[in-house]
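What follows is the residue order along each chain.
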Amino acid sequence: MIKVVGHSPCAAAQIQADPWIPLMVNWQLEGRSGLLNLYIQGHDGGYVEMRVDERSGALVELVVIEAPPEAAQRFPVPEDSKNLGTVVLDREMWEWRVAPDYVEPAKRDVSIPQHLAWSTQGDNVFLQFGDSQASWFVGSGDTKFAISESGELVCMAVRRPEVELPPDYPG
């Protein structure tokens, strides 16, 4: 379970795709610190990497390395979700080293298994993280998150990016 504990304002979100990476989203946060890495392996396929701000827990980057299996349903993310920014994840997923005068990550990388599903419908791409029902929503421009009543990240919806082909791409 990926636990969401709040939201953080961000200036904008940049959404990209290329022939090798189906989706990459970067949220522009002020005062970013070091990054923590969350690697998510789907039970039935798919691989997603998240980068999280070390101090705040705000989601800074999401990269879909391998698209999860296609899902038949559309995930419930309303068009009118509040423009609050990006989600803040629970930093307790990472191990911390506590000294008398500072706290720092003992491990910056965490890997978890998770249900993952993928759907493209119209102008949107949906990335599902769990089977829970959404009860609240956070958005920032072309990105929206669905969160369950218990604080679990359920889904992320983004505007489908154009696939950018490099100049030397064959074909």
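About the criteria used
- Residues numbered from 1 in each chain as written.
- Predicted model: local features only at pLDDT ≥ 70, side-chain atom pairs only at ≥ 80, totals over all residues.
- Heavy atoms only, no water.
- Core = buried A, V, L, I, M, F, W, Y, C linked by side-chain atoms within 4.5 Å.
- Buried < 20%, exposed > 50% of the residue type's maximum accessible area, 1.4 Å probe, protein only.
- Helix = DSSP H or I, 4+ residues; strand = E, 2+ residues; numbered from the N terminus.
- Polar contact = N/O pair within 3.5 Å; in protein donor to acceptor, adjacent residues only side chain to side chain.
- Salt bridge = Lys/Arg side-chain N within 4 Å of Asp/Glu carboxyl O.
- Phe/Tyr/Trp six-rings, centres within 6.5 Å; stacked < 30°, edge-to-face > 60°.
- Pairing = 2+ DSSP bridges.
- Axes fitted to C-alpha atoms, helices over the stretch in contact; angles between N-to-C directions.

(A) Representation of the nonpolar core within the structure. Membership of the largest hydrophobic core comes to 36 residues, with the highest contact counts inside it found for Leu 23, Met 50, Leu 62 and Phe 129. In terms of residue count, strand E6 (residues 59-66) provides more of this core than any other element does, four residues in total. Among the nonpolar cores identified, the runner-up in size contains five residues, and Phe 126, Ala 146, Val 154 and Ala 157 belong to it.

(B) View of the side chain of Ser 119. Checked against the element boundaries, Ser 119 lands in strand E11 (residues 117-121). Engagement of the side chain of Ser 119 in a polar contact is seen with the side chain of Gln 121, the distance being 2.9 Å.

(C) Spatial organisation of the pattern of salt bridges. What the rule picks out here adds up to five salt bridges. Salt-bridge contacts for Glu 61 lead to Arg 51; the nearest nitrogen and oxygen are separated by 3.5 Å. Taken together, the positions of Glu 61 in strand E6 and Arg 51 in strand E5 (residues 47-53) put the pair ten residues apart, joining distant regions of the chain. On the accessibility criterion, Arg 51 (18% relative accessible area) is buried. Through salt bridges with shared partners, one network takes in Glu 49, Arg 51 and Glu 61.

(D) Spotlight on the packing of aromatic side chains. In the structure shown here, the tally under the stated rule is one aromatic pair. Residues Trp 27 and Phe 145 carry aromatic rings whose centres are separated by 5.7 Å and whose planes lie at 35 degrees to one another, so their mutual orientation is tilted. A residue pair is termed long-range when its members are at least 10 positions apart, and Trp 27 in strand E3 (residues 23-27) and Phe 145 in strand E14 (residues 143-148) qualify at 118 residues. Exposure remark for Trp 27: the relative accessible area of 1% places this residue in the buried category. When its relative accessible area of 1% is taken as the criterion, Phe 145 is described as buried.

(E) Spotlight on the environment of Ala 146. Position of Ala 146 among the secondary structure elements: in strand E14. Put simply, Ala 146 and Ala 67 are 79 residues apart on the chain and 19 Å apart in space, counted from C-alpha to C-alpha.

(F) Spatial organisation of the sheet that holds E11. Spatially, the five strands line up as an open sheet ordered E11-E12-E15-E14-E13, and their pairing is antiparallel. Lying at the two open borders of the sheet, with one neighbouring strand each, are E11 and strand E13 (134-140). Across the sheet, the mean angle separating the axes of adjacent strands is 15 degrees when strand polarity is ignored. Judged from the five bridges that link them, strand E12 (residues 124-128) and strand E15 (residues 153-159) form a sheet pairing that is antiparallel.

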